[in-house]
Amino acid sequence: AIPVILDVDTGVDDALAILFALAHPGINVLGISCVAGNASLERVVENTLRILDVADAPTIPVAAGARRPLLEPARSAAHVHGESGLGTLQLVPSDRQAESISSIELMRRLLQASPHPVTLVALAPQTNLALLLRQYPDVVDNIERIVFMGGSTTVGNATAVAEFNVWHDPEAAAIVLDSGVPTFMYGLDVFNQVSIPEPVAAALLHSDSHLAQVIGRLLTNRIALGSGRNSDYTGLIGDAGALCALVDPDGLQTAMLPLRVQLSGYGRGQTLVDKRTHPGEDIVHGLAGDWEAAEVALDVDVDRYVRLFLDTLGLGSAL
Ligand code: BDR
Ligand code: CA
């Protein structure tokens, strides 16, 4: 199994991703690092612990990291994920506590203790990863690669051009891209596509199994959050798709492309991707600045990932 550390801002679709990762035999979750994003740090930690209780995974260590981005104040995403961060899903409070060490320290210890290089899967603003890489630069030797949900080569969601996770902490994303660790971008181009058909999600919600009900609620509750635009998210497996990419890369079309984060102006937080056949050949020289190469997901076999998601969670019969 691939050893991974998840960095999350749980979050409706982070919850789906955690449940998928724990259920998949090809993924070994060493620990979970929490960051403010979809909800406050305290809510993210509590939501993560509650989801681990649903998955009956009490031994996975969970730690709290950054409560705000590197430069900017924390901002709420309650219009998408609800005040609790889990939309309309109600779960009993967890008896568990987070680790007493910060998630930066937890990640360092897990990386150094692992006999094999570890994949960091970032499903949230990348503040914790940036702090880790700045504070302990030697850990890069223990990191296989960084798979991140974030960015886009086309449309944005936080702004017309910027995706939420990168927009929330653009400097952190730039530090991660610049770290020398191989990166894989699972951005909105594919994130926005992988959706469970609404009748299937509704059937899960009304089934007898608690796990199926939780997943059905997470998939459908955005309708209930009110704002019309949330209906765009109905059925999306969201962050869980980045874990599908980890275990089933053949379900994606990808390319190695020059990538950078826009740090100023209206485009702040946008990922700029050079898709030209001869990248780097600007007509105006000297303005381009530094580009990093990243593997970028450009298209996805939706049916394949829907099937993978449901089968992994033992819910394939709902299709
Ligand atoms: C990303 O932002 C959050 O709303 C989701 O959890 C996902 O990680 C999508 O832009
Ligand atoms: Ca997330």
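Predicted model, so just to flag it, every value in this text is computed and none were measured.

Caption draft 1: Focus on the overall build of the protein. Counting its secondary structure elements, the protein contains twelve helices and nine strands. Each principal axis of the C-alpha atoms in the protein carries an extent, and together these give about 60 × 40 × 35 Å. Across the 319 residues in the protein, those meeting the buried criterion constitute 52%. Residue pairs at least 24 apart in sequence account for 80% of intrachain contacts in the protein once pairs closer than 6 positions are excluded.

Caption draft 2: View of the sheet that holds strand 5 (residues 143-149). Spatially, 3-2-1-4-5-6-9-7-8 is the arrangement adopted by the nine strands of the open sheet, whose pairing is mixed. Since the sheet does not close on itself, it has two edges, and those belong to strand 3 (62-64) and strand 8 (271-273), each with one partner. Between one strand and the next, the sheet's axes are offset by a mean angle of 30°, whatever the strand orientation. Here four bridges tie strand 1 (residues 2-8) to strand 4 (residues 118-122), and the two strands are oriented parallel to one another. Counted as the bridge partner of I5 is L120 from strand 4. Of the strands in this sheet, strand 5, strand 6 (183-186), strand 7 (252-261) and strand 9 (292-300) are in contact with helix 7 (residues 170-177), which crosses strand 7 at around 110°.

Caption draft 3: Seen up close, the site of ligand 1. Residues in close proximity to ligand 1 total 15 residues, the closest being G11, D13, M149, F164 and D239. At the level of elements, helix 1 (12-23) and helix 6 (164-168) are the ones that each hand at least two residues to the shell around ligand 1. Classifying every residue of the shell around ligand 1 gives six nonpolar, five polar and four charged.

Caption draft 4: The arrangement of unusual backbone geometry in detail. Put simply, T10 and G11 share a cis peptide bond, and its omega is -10°. Position of G11 among the secondary structure elements: in the loop between strand 1 and helix 1. Notably, D56 is not glycine yet its phi reads approximately 55°, a positive angle. Relative to the helices and strands, D56 is located in the loop between helix 2 (41-54) and strand 3. Since 8 C-beta atoms lie within 10 Å of it, D56 is described here as exposed.

Caption draft 5: Looking closely at the packing of helix 1 against helix 11 (residues 240-247). Look at helix 1 against helix 11: their axes get within 7 Å of each other, and the N-to-C directions meet at 30°. It follows from the interaxial angle that helix 1 and helix 11 lie roughly parallel. Of the residues in helix 11, those in contact with D13, L16, A17, F20 and A21 of helix 1 are A240, A242 and L243. Grouping the constituent residues of the contact of helix 1 with helix 11 by class yields seven nonpolar, no polar and one charged.

How each quantity is defined
- Residues numbered from 1 in each chain as written.
- Chains lettered and ligands numbered in written order.
- Predicted model: local features only at pLDDT ≥ 70, side-chain atom pairs only at ≥ 80, totals over all residues.
- Helix = DSSP H or I, 4+ residues; strand = E, 2+ residues; numbered from the N terminus.
- Buried ≥ 20, exposed ≤ 12 C-beta atoms within 10 Å, placed from the backbone.
- Contact = placed C-beta atoms within 7 Å.
- Pairing = 2+ DSSP bridges.
- Axes fitted to C-alpha atoms, helices over the stretch in contact; angles between N-to-C directions.
- Near = placed C-beta within 6 Å.
- Nonpolar A, V, L, I, M, F, W, Y, C, P; charged D, E, K, R; others polar.
- Parallel < 35°, antiparallel > 145°, perpendicular 65-115°, else oblique.

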